[in-house]
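# Structural overview for review
Given next are the chains, with one letter for each unit.
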Amino acid sequence: KICPAVIIAVTHGNKILMSKYAGREYKKYALLAGFNETGESIEETVRREVMEEVGLKVKNLRYYKSQPWSFSGTLLFGFFCDVDGEDTLTVDHEELSIAQWFERDQIIGQDNNSSLTNEMMMVFAAGKEPK
């Protein structure tokens, strides 16, 4: 069984949205993420997860790449997208402990380079995200 999921780099100009999960052992910043629901396209998953977790509409979805995550049988699909309208966050604190915008020069890489999330954060920091 494969569980499709998305990793989402929401951008707004030179800013990227990063968050920390609520109630999990992992305490570092990450990108938004979520699982695909039955009958939903992977692009619909991106839009729904961003709206549910931080209350933003997004546009200009750009597929980056995928990564199998063998720990859970998950296939991750990485996307970059832009905020559509206001960038004011309404954080779902059941999912996230915090979410905030970071400028490119504020992004710090993490120790684990095998993570799609870390790779996408570093791609954005270097100004190399897909257009």
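Residues numbered from 1 in each chain as written. Predicted model: local features only at pLDDT ≥ 70, side-chain atom pairs only at ≥ 80, totals over all residues. Heavy atoms only, no water.

### Regarding the overall build of the protein
This is how it is decided: What counts as a helix is a DSSP run of H or I of at least four residues, what counts as a strand is a run of E of at least two, and both are numbered from the N terminus. Put simply, the radius of gyration uses C-alpha atoms, and a globule should come to 2.2 Å times the residue count raised to 0.38. What makes two residues a contact is simply this: any of their non-hydrogen atoms within 4.5 Å. Every accessible area reported is derived by Shrake-Rupley at a probe size of 1.4 Å, with residue values counting cover from the shown protein chains alone. Charge counting treats Lys and Arg as positive and Asp and Glu as negative, with His and both chain ends excluded. Every charge is mapped to an atom, namely NZ of Lys, CZ of Arg, CG of Asp or CD of Glu.
The helix and strand inventory of the protein stands at 2 helices and 6 strands. Reading the protein from its N end, one meets helices and strands in the order β-β-β-α-β-β-β-α. For the protein, the C-alpha radius of gyration of 14 Å lies close to 14 Å, the compact-globule estimate for 131 residues. Considered along the principal axes of its C-alpha atoms, the protein spans approximately 40 × 30 × 30 Å. Contacts spanning at least 24 positions in sequence make up 64% of the contacts within the protein whose residues lie at least 6 apart. Carbon together with sulfur atoms contributes 51% to the accessible area of the protein, which is approximately 7200 Å² in total. Within the protein, one finds 15 positive and 20 negative side-chain charges whose respective centroids are separated by 5 Å.

### Quick look at the confidence of the model for the protein
Going by this rule: Values of pLDDT, the confidence the predictor places in each residue, fall between 0 and 100.
In this model, the protein carries an average pLDDT of 92, and 95% of its residues clear a pLDDT of 70 or more. Within the protein, the element-level pLDDT minimum falls on helix H2 (residues 116-125), averaging 93, and the maximum on helix H1 (residues 42-54), averaging 98.

### Side note on H1
Rule in force here: The span expected for a helix works out to 1.5 Å for each residue beyond the first. A 1.4 Å probe rolled over the protein chains alone gives each residue an accessible area, and that area as a share of the maximum for its type sets the label: buried under 20%, exposed over 50%, partly exposed in between.
Helix length check: H1, at 13 residues, gives a terminal C-alpha distance of 18 Å against a target of 18 Å (1.5 Å per residue), a fit within 8%. The set of residues buried in H1 consists of Ile42, Thr45, Val46, Arg48, Glu49, Val50, Glu53 and Val54. Packing partners of the buried residues in H1 comprise strand E1 (3-12), strand E2 (15-21), strand E3 (32-35), strand E4 (58-69), strand E5 (74-83) and strand E6 (96-103). After H1 finishes, the residue Gly55 shows a positive phi value of roughly 70°.

### Remarks on the pattern of salt bridges
Formally: Whenever Lys or Arg places a side-chain nitrogen within 4 Å of a carboxyl oxygen from Asp or Glu, that contact is recorded as a salt bridge.
Scanning the model with the defined rule gives 9 salt bridges in all. Here Arg48 ties to Glu37 by a salt bridge, and the two come within 3.6 Å at their closest N and O atoms. Of this pair, Arg48 sits in helix H1 while Glu37 sits in the loop between E3 and H1, and the two are 11 residues apart along the sequence. Its salt-bridge partner being Glu52, residue Arg48 comes within 3.2 Å of it at the nearest N-O pair. One end of the pair is Arg48 and the other is Glu52, both in helix H1 and 4 residues apart, which spans about a single turn. Classification of Arg48 as buried rests on a relative accessible area of 15%.

### With respect to the environment of Leu116
Here Leu116 lies in helix H2. Residue classification places Leu116 among the buried positions, given a relative accessible area of 2%. Here Leu116 is in contact with Ile7, Tyr64, Lys65, Ser66, Gln67, Leu76 and Gly78, once residues within four sequence places are set aside.

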